[in-house]
Amino acid sequence: MSKGKKEPISDRRKFIFNMARGVGVATLGGFIWSAYINDAKAQKLLLRPPGAIKEEDFLKTCIKCGLCVEACPYDTLMLAKPGVHKPLGTPYFTPRDIPCHMCPDIPCVPVCPSGALDLQSVVTKNKLDINKADMGVAVIDEESCIAFWGIQCDACYRACPLLGEAITIEYQKNERTGKHAFLKPVVHSDPCTGCGMCEHACVTQKAAIQIFPREVVQGKAGNHYIKGWDKNDDKRVKDAKAIKTTTQISKNSALDSLNDSGDLY
Amino acid sequence: MKQFWSNNRFLILRRFTQLSILFLYFGANAWGWWILRGNLSSSVVINFAQVSDPYAVLQMLAAGASISLDLFIGAATITVFYFLIGGRAFCSWVCPINMVTDTANYLRRKFEFNRMQGPKMPISRNIRYWVLALSLVVSFVMGMAAFEFVSPISMIHRGIVFGLGFGWASAVIIFLFDLFVLKDGWCGHICPLGGFYSLLGRFSVIRVFHEEGNCTLCMKCKTVCPEHQVLHMIGKESLSVNDGACTNCARCIDVCDDDALGFSLRELAEKK
């Protein structure tokens, strides 16, 4: 074969090359795309409408149609727009601006076509029950709450739709003056729906009581700790299995000096 | 006047449809109208029929979501609808981005950018199918509908109905890209929703038909067509435009002064 005159490249090689090129560009694009979505998904501090399913499933299931937003009579719900740093197009609310007013007929939930807002989660005995909603939970910053300073304020307590259940007032003697009382608000996280009426009502410059998604603020005791005095709590560890490890030392049974001594009972 | 109408009737009809749909959605959120509630991702028509974006539902499936019956019916309705009237009819008759890219394309022609850049485009129009496939892969891996998350179509449309935020930026980016970088860049090369509807429209019933006998080879149709490769038969043979990439925008029918192009049903066209 003479120099300079090369064999023409076959169509098959061209095709394979083009496919490989496509895959190369797609890999690059796919990584950037995924990184962007991963970053946007990481936003945890946002409050969903009543009846919203678990956040991970919500992001999959919500089709971002905005029917819940249109149904909300108080303009509480918004669709995340570019620039607000929330998963784009999904519904959320900001209680300090407009809290959820806990409509008894819950207009936002039944209109959801995708099941991202689950009607069954806000129904008891075939009746709509907004008090079952779990949008988040109120958390009080005791340092900035003026009731904890000893100044009388019960704005959040009065604003709470579940007054006396989700927020109660705890009386405590004010040792500083000796003749006054602290009237401290206490949030009970089980009945709290996270509607945000308290955060909206809070009189401090930045709200001393704020709503956060429940999974953000709630801890978990785990299976090692059980309320032995509570039959229901026992059920929590019904399926738990003991993990047995054997080491050099554990071969000999431990000496239980408190209970094995025999003469205690 | 009559000439103006016959040279622009489909363009005027399309703008009317696009703007009416936007306005109806806007009115639903702003004033509680009930004709068309929701947005292009999913909506309720006249308080009765559920319609949903089948491509969005497909991504949700890939992401591993359980699809509700409502969404399934809605997506099926839209699929059948565009299957019949031409898949990419969505692109030219409904999609709000169409007005952006049409404007860019119009300015391109006015300023003769096309002649400066030459006919050879640096990237293939098939890239949209790659993006389509990639969107499903990313949806699967990331566990959420990937394109819905970055789609300028949703951003603009949702923005106009529910509040825009920085969404306007996506329209500006597409406008500049189409105007200066690549002719028909977004709609004709990249948009995976267009790709999806191209695949869907491959067998649709309503098609543009070319009557070769009337053609004077003025090539105005090819100049205005945003997917000019679909008009390969112009001046060669009488044939319907069967390529799925055709958006049924009918701009070619508008500009043709010789009655060589018109709408036709696929079946009838094939029998002729």
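Here goes a summary of the coordinates provided. (Residues numbered from 1 in each chain as written. Chains lettered and ligands numbered in written order. Predicted model: local features only at pLDDT ≥ 70, side-chain atom pairs only at ≥ 80, totals over all residues. Heavy atoms only, no water.)

### Thoughts on a nonpolar patch on the surface
Residues and elements named next belong to chain B. Here is the rule: To count toward a patch, a residue needs a relative accessible area above 30% and no salt bridge. Like charges then connect within 9 Å, nonpolar side chains (Val, Leu, Ile, Met, Phe, Trp, Tyr) within 5 Å. Under the convention used here, a 1.4 Å probe and the Shrake-Rupley method define accessible areas, while residue burial counts only the protein chains that appear. One speaks of a salt bridge when a side-chain nitrogen belonging to Lys or Arg is within 4 Å of a carboxyl oxygen belonging to Asp or Glu. Put simply, DSSP marks the helices as runs of H or I at least four residues long and the strands as runs of E at least two long, and each gets a number from the N terminus on. Partly exposed residues are those whose accessible area sits between 20% and 50% of the maximum for their type, while under 20% is buried and over 50% is exposed, using a 1.4 Å probe and protein chains only.
A contiguous nonpolar surface patch, about 590 Å² in accessible area, is contributed by Phe166, Trp168, Val172, Leu176, Phe180 and Val181. The topology assignment puts Leu176 in helix α10 (residues 168-181). Owing to a relative accessible area of 39%, Leu176 belongs among the partly exposed residues under this scheme.

### With respect to the pairing of strand β1 (residues 36-39) of chain B
All names here are of chain B. The line we're drawing: Strands were regarded as paired on the criterion that DSSP finds at least two bridges between them.
Where β1 and strand β2 (residues 42-45) come together, 4 bridges link them in antiparallel fashion. Its bridge partner lying in β2, Asn39 is registered against Ser42. What sits between the antiparallel neighbours β1 and β2 is a turn of 2 residues.

### Things to note about the interface of chain A and chain B
Definition in use: Any pair of residues with heavy atoms lying within 4.5 Å of one another is described as a contacting pair. Defined in terms of a 1.4 Å probe, buried area is the accessible area two parts forfeit on being brought together, summed over both. Two N or O atoms count as a polar contact when they lie within 3.5 Å, although within protein this holds only if one can serve as hydrogen donor and the other as acceptor, and sequence-adjacent residues are included solely when both atoms are side-chain atoms. Basically, the charged four are Asp, Glu, Lys and Arg, the nonpolar ten are Ala, Val, Leu, Ile, Met, Phe, Trp, Tyr, Cys and Pro, and anything else, Gly included, counts as polar.
Chain A puts 34 residues into the contact, and the matching count from chain B is 43 residues. Roughly 3,200 Å² is buried in total at the junction of chain A and chain B, and carbon and sulfur atoms are behind 71% of that figure. Taken together, chain A and chain B are joined by 0 salt bridges. Here chain A and chain B share 7 residue pairs in polar contact (both at pLDDT 80 or more) between them. Taken together, the elements giving at least two residues each to the side of chain A that touches chain B come down to α1 (11-41), α2 (55-61) and α3 (67-71) of chain A. Sort the elements by how many residues they give to the side of chain A that touches chain B and α1(A) lands first, with 13 residues. Across the side of chain A that touches chain B, the residue classes break down as 18 nonpolar, 11 polar and 5 charged.

### Some details on the packing of helix α2 (residues 54-63) of chain B against helix α12 (residues 192-200) of chain B
All names here are of chain B. Rules: Every axis corresponds to a line fitted to the C-alpha atoms, with the helix fit spanning only the stretch in contact, and the corresponding angles, defined between N-to-C directions, vary from 0 to 180 degrees. Under this scheme an angle from 65 to 115 degrees is roughly perpendicular, one under 35 degrees roughly parallel, and one over 145 degrees roughly antiparallel; angles in between are oblique.
Put simply, α2 and α12 touch, their axes get as near as 10 Å, and they point 105 degrees apart. Taken as axis vectors, α2 and α12 run roughly perpendicular relative to one another. Residues Pro54, Tyr55 and Leu58 of α2 form the contact with α12, whose participating residues are Pro192, Leu193, Phe196 and Tyr197. Tallied by class, the residues present in the contact of α2 with α12 amount to 7 nonpolar, no polar and no charged.

### Some words on the side chain of Ser92(B)
Residues and elements named next belong to chain B. Within the secondary structure, Ser92 is located in helix α4 (residues 89-93). A polar contact is formed between the side chain of Ser92 and the backbone oxygen of Thr247, at a distance of 2.7 Å. Once you skip the residues sitting within four places of it in the chain, Ser92 turns out to touch Arg14, Gln18, Asn98, Thr247, Asn248 and Cys249.

### Section: the sheet that holds strand β4 (residues 206-210) of chain B
All names here are of chain B. Ordered by their spatial adjacency, 3 strands build an open sheet running β5-β4-β6, and the pairing between neighbours is antiparallel. This sheet does not close on itself; its edge strands, each paired only once, are β5 (239-240) and β6 (261-265). Sheet topology places β4 next to β6; 5 bridges connect them, and they run antiparallel. Pairing of Val208 across the sheet is with Phe263, part of β6.

### Some points on the sheet that holds β2(B)
Hydrogen bonds along the backbone pair up the strands of a sheet, which may run parallel or antiparallel. All names here are of chain B. Within the open sheet, the 3 strands sit side by side as β1-β2-β3. Their pairing is antiparallel. The open sheet terminates on both sides in strands that have one partner only, identified here as β1 and β3 (49-52). Averaged over all adjacent pairs, the angle separating strand axes in this sheet is 15 degrees, with direction ignored. Across the face of the sheet, helix α1 (residues 2-31) comes into contact with β1 and β2 while running at roughly 90 degrees to β1.

### Let's talk about the pattern of salt bridges
Two side chains with opposite charge may pair up if their charged atoms get near one another. This structure, assessed with the given rule, holds 13 salt bridges over all chains. A salt bridge links Arg214(A) to Asp134(A), with the shortest nitrogen-to-oxygen separation between them at 2.9 Å. In this pair, Arg214(A) is assigned in helix α7 (residues 214-217) and Asp134(A) in the loop between β4 (127-128) and β5 (137-140), connecting sequence segments 80 residues apart. Judged by relative accessible area, which is 12%, Arg214(A) ranks as buried. Among the ionic pairs, Arg14(B) bridges to Asp102(B), the shortest N-O distance being 3.5 Å. Of this pair, Arg14(B) sits in helix α1 while Asp102(B) sits in helix α5 (residues 97-110); the two residues are 88 residues apart in sequence, bridging distant segments of the chain. Judged on exposure class, the residue Arg14(B) and its partner Asp102(B) are both buried. One connected set of salt bridges, linked through shared partners, spans Arg88(B), Arg125(B), Arg128(B), Lys183(B), Asp184(B) and Glu227(B).

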